[in-house]
Amino acid sequence: MWKDKGMGLMLLHLQLVSFVFLRFVYSGSAGVTSRFVRSEWPSTDIPLDNEAFAVPKGYNAPQQVHITQGDYDGKAVLITWVTAEAPGSNTLHYGKSDSNYEFTAEGTVTNYTFYNYQSGFIHHSLVDCLEYDTKYFYKIGDGESAREFWFQTPPEIGPNAAYKFGIIGDLGQTYNSLSTVEHYMRSGGQTVLFVGDLSYADRYKYHDCGVRWDTWGRFVERSTAYQPWIWSAGNHEIEYMPYMGETAPFKSYLHRYKTPFAASNSTDPLWYAIRRASAHIIVLSSYSPFVKYTPQWRWLGEELKRVDREKTPWLIVIMHVPIYNSNEAHFMEGESMRAVYESLFVHYKVDVVFAGHVHAYERSYRISNIHYNVSSGDRYPVPDKSAPVYITVGDGGNQEGLAGRFRDPQPDYSAFREASYGHSTLEIKNRTHAIYHWNRNDDGKKVATDSFTLYNQYWGGNNRRRRRKLKKNYLHTVFAEVFSNGL
Ligand code: FE
Ligand code: MN
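What counts, and where the lines are drawn
- Residues numbered from 1 in each chain as written.
- Chains lettered and ligands numbered in written order.
- Predicted model: local features only at pLDDT ≥ 70, side-chain atom pairs only at ≥ 80, totals over all residues.
- Heavy atoms only, no water.
- Pairing = 2+ DSSP bridges.
- Helix = DSSP H or I, 4+ residues; strand = E, 2+ residues; numbered from the N terminus.
- Axes fitted to C-alpha atoms, helices over the stretch in contact; angles between N-to-C directions.
- Core = buried A, V, L, I, M, F, W, Y, C linked by side-chain atoms within 4.5 Å.
- Buried < 20%, exposed > 50% of the residue type's maximum accessible area, 1.4 Å probe, protein only.
- Contact = heavy atoms within 4.5 Å.
- Donors = N, O, S within 2.8 Å, 3.2 Å for Na, K, Ca; no water.
- Salt bridge = Lys/Arg side-chain N within 4 Å of Asp/Glu carboxyl O.
- Parallel < 35°, antiparallel > 145°, perpendicular 65-115°, else oblique.
- Nonpolar A, V, L, I, M, F, W, Y, C, P; charged D, E, K, R; others polar.
- 1 Å grid on protein atoms, 1.4 Å probe; cavity = no way out; pocket = protein on both sides within 12 Å on 5 of 7 lines; lining within 4 Å.
- Points joined across faces, edges and corners; volume = space filled by probe spheres on them.
- Expected span 1.5 Å × (residues − 1).
- Bend = angle between axes of the 7 residues up to and from the residue.

### Points about the sheet that holds strand E5 (residues 103–106)
Consideration 1: As summarised here, the arrangement of the four strands in space is E5-E4-E10-E11, forming an open sheet in which the pairing is antiparallel. In this open sheet, the two edge strands, each paired with only one partner strand, are E5 and strand E11 (147–152). Direction aside, the axes of adjacent strands within the sheet are offset by 30 degrees on average.

### Here's the deal with the nonpolar core
Consideration 1: In terms of nonpolar packing, the biggest core is built from 88 residues, with Phe-345, Phe-354 and Leu-426 touching the most fellow members.
Consideration 2: The residues touching Leu-426, leaving out its near neighbours within four places in the chain, are Tyr-163, Lys-164, Phe-165, Ile-167, Ile-316, Val-352, Phe-354, Ala-434, Ile-435, Tyr-436 and Leu-454.
Consideration 3: Counting residues in each nonpolar core, the second largest holds 16 residues, with Leu-92, Ala-105, Tyr-136 and Phe-149 among its members.

### Observations regarding the coordination of the iron ion (ligand 1)
Consideration 1: Every protein donor of the iron ion (ligand 1) is accounted for by Asp-170 (OD), Asp-197 (OD), Tyr-200 (OH) and His-359 (NE2), and the metal-donor separations fall at 2.0 to 2.4 Å.
Consideration 2: Within one chain, the residues serving as donors to the iron ion (ligand 1) are arranged as D-x26-D-x2-Y-x158-H.
Consideration 3: The two metals, the iron ion (ligand 1) and the manganese ion (ligand 2), are separated by 2.9 Å and share Asp-197 as a common coordinating residue. A residue pair is termed long-range when its members are at least 10 positions apart, and Asp-170 in the loop between strand E12 (163–168) and helix H2 (175–185) and His-359 in the loop between strand E18 (352–355) and strand E19 (361–364) qualify at 189 residues.
Consideration 4: Of the residues examined, His-359 reaches a relative accessible area of 7% and is grouped as buried.

### A look at the pattern of salt bridges
Consideration 1: Evaluated as defined, the whole model comprises 15 salt bridges.
Consideration 2: Between Asp-73 and Arg-275 there is a salt bridge; the shortest N-O distance is 2.7 Å. On the criterion of sequence distance, the pair formed by Asp-73 in the loop between strand E2 (63–69) and strand E3 (77–83) and Arg-275 in strand E15 (residues 272–276) is long-range, its members being 202 residues apart.
Consideration 3: With a relative accessible area of 12%, Arg-275 lands in the buried category.
Consideration 4: The shortest N-O distance in the salt bridge between Lys-96 and Glu-131 comes to 2.8 Å. Within this pair, whereas Lys-96 is found in the loop between strand E4 (91–95) and E5, its partner Glu-131 is found in the loop between strand E9 (121–127) and strand E10 (135–140), the two being separated by 35 residues in sequence.
Consideration 5: The class for Glu-131 is partly exposed, based on a relative accessible area of 42%.
Consideration 6: Salt bridges sharing common partners tie together Glu-335, Arg-338 and Glu-342.

### Details of the packing of helix H5 (residues 295–306) against helix H6 (residues 335–347)
Consideration 1: The geometry of H5 relative to H6 is characterised by a closest axis approach of 11 Å and an angle of 5 degrees between their N-to-C directions. The angle between the axes of H5 and H6 places the two elements in the roughly parallel class. Only Val-340, Tyr-341 and Leu-344 of H6 make contact with H5, whose side of the interface consists of Gln-296, Trp-297, Leu-300 and Leu-304.
Consideration 2: The class makeup of the residues in the contact of H5 with H6 is six nonpolar, one polar and no charged.

### A word on the pairing of E9
Two faces belong to every sheet, and in a regular strand the side chains alternate between them.
Consideration 1: Counting buried positions along E9 yields six of seven residues, so the element is predominantly enclosed.
Consideration 2: The sheet contact formed by E3 and E9 spans seven bridges and is antiparallel. Bridging across to E9, Thr-83 finds its partner in Phe-121.
Consideration 3: In this sheet, E9 lies alongside strand E6 (residues 108–110) in antiparallel orientation, the contact comprising three bridges. Across the sheet, residue Val-109 finds its bridge partner in E9, namely His-123.

### With respect to empty space enclosed by the protein
Consideration 1: Across all of its chains, the model carries four cavities of 30 Å³ or more by this definition.
Consideration 2: The computed volume of the largest cavity comes to approximately 40 Å³.
Consideration 3: Taken together, Ile-67, Thr-68, Gln-69, Ala-76, Val-77, Phe-151, Gln-152, Thr-153, Pro-154, Pro-228 and Arg-276 form the lining of the largest cavity.
Consideration 4: Contributions of two or more residues to the lining of the largest cavity are made by E2 and E11.
Consideration 5: The element that contributes the greatest number of residues to the lining of the largest cavity is E2, accounting for three residues.
Consideration 6: Looking at the lining of the largest cavity residue by residue, the class counts come to six nonpolar, four polar and one charged.

### Quick look at the coordination of the manganese ion (ligand 2)
Consideration 1: Protein-derived coordination of the manganese ion (ligand 2) comes from Asp-197 (OD), Asn-235 (OD1), His-320 (NE2) and His-357 (ND1), at a distance range of 2.1 to 2.2 Å.
Consideration 2: Taken in sequence order, the residues that donate to the manganese ion (ligand 2) follow the motif D-x37-N-x84-H-x36-H.
Consideration 3: Accessibility expressed as a relative area gives 23% for Asn-235, which makes it partly exposed.
Consideration 4: The exposure class assigned to His-320 is buried, which follows from its relative accessible area of 0%.

### A short note on the sheet that holds E6
Consideration 1: Strand order in the open sheet formed by four strands is E2-E3-E9-E6, with antiparallel pairing between adjacent strands. On the outer flanks of this sheet lie E2 and E6, each paired with one strand and no other. Strand after strand, the sheet turns through a mean of 20 degrees between neighbouring axes, direction not considered.
Consideration 2: Bridge count between E2 and E3: five bridges; the pairing is antiparallel. By the bridge assignment, Thr-68 is partnered in E3 with Leu-78.

### Concerning H6
Consideration 1: The first and last C-alpha atoms of H6 sit 18 Å apart over 13 residues, in line with the 18 Å expected at 1.5 Å per residue.
Consideration 2: Helix geometry: H6 is bent most strongly at Tyr-341, by close to 50 degrees.
Consideration 3: Elements that come into contact with the buried residues of H6 comprise H5, strand E17 (314–318), E18, strand E20 (367–368) and strand E22 (389–393).
Consideration 4: Looking one or two residues beyond H6, the residue adopting positive phi is Lys-349, at roughly 50 degrees.

### A closer look at helix H3 (residues 207–224)
Consideration 1: The terminal C-alpha atoms of H3, which comprises 18 residues, lie 25 Å apart, in line with the 26 Å expected from a rise of 1.5 Å per residue.
Consideration 2: Within H3, the axis deviates most sharply at Arg-218, by approximately 30 degrees.
Consideration 3: For H3, the buried fraction is high: 15 of the 18 residues fall into the buried class.

Here it is as structure tokens:
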């Protein structure tokens, strides 16, 4: 048909070029699927006699010490510890110097059984009326076995209060878990937002299930005794185990990990909110009723109305199951919650949603799918400036290993994804911007792998500049791809 071979070749070439060009026009996002393959340590739990789980010296010495925020605004701390042999003292001594504990707080003690496992004595103590931005020392336990720790209270709630959060999920108790915690502790993070799946003790049967909660508590103490971990629950906390007669959901978790739920008018420890520095943090429960008219749904609606971006510009949601996930693992599990809550997240301009569950890392662009319904036909997420960024950090390093199979092709909304272990940090600088990093555990080194500047959804204000920058990056990516494809 072509009179001239040369002309045909030229047209073919043009077609190829326009194919490449159109591909980018349509996909828009040019997301990255990292090709990094880590040399994997075995995903097995650290043995019971390892020093990572060492029992502190002395008769009935307090162990598994952990703290969390104890009120709405960060002037109180909930402190928990376990004594193994006897209840011991409930009194906690604290003060602004480690040589003079001026104050005391009285705690409560509880324990529970799980099949034939009998827990230690679990002490919970609320230390309140603290001053902001102050280092406190505290002492627990009796006589020779007493132990001392410290923590720093956050700055007062305010729009420009700088603060650095760490985000960790699906941690477990393997050598990879240890690596994640050690890397996090070197990051300068001040508080951990924990996105669920703590100990993976439910992978064990009978007596060992309780034992592995204790080892996990001793393992994370190196961080949890000194800074608050903000807890959200995952599926491994449910522990519905009829084969051993244990059917009350979250039994171990609720006995061991308290949350300040009443301070945000929640009626359930599994969902609540806190305010810390310049952030309003909403904790949701993927495994509690959440559909319309349930207590969690009603509470969330009320809590979102209370958010005051003039005081706390950063609106952060944490939960276990990701709403956007392009991994084969747990694909579509977040869809039911998306159907109920996504429009709220967009309406209230949530800055970022952190989740875990999928044992890999993934970050989305700002997208929403709120126009989708079963009869509309609009069924694909679209760019949406009011939508949050969705980040999955289920890569703490538990014994189940990595979720290495991402769906192919990478959906347009997915900006970056990689199956390796790590943690994230969100360093809030002021009311307009925060620096975000995902740090891969790269065989002993902490490597900042995915990072970007997060502009505040309420105060950001420089949308126009940002768009121009995005466009520039976008063209850059197009050219890079064209060259690497050898066209
Ligand atoms: Fe998990
Ligand atoms: Mn999970």
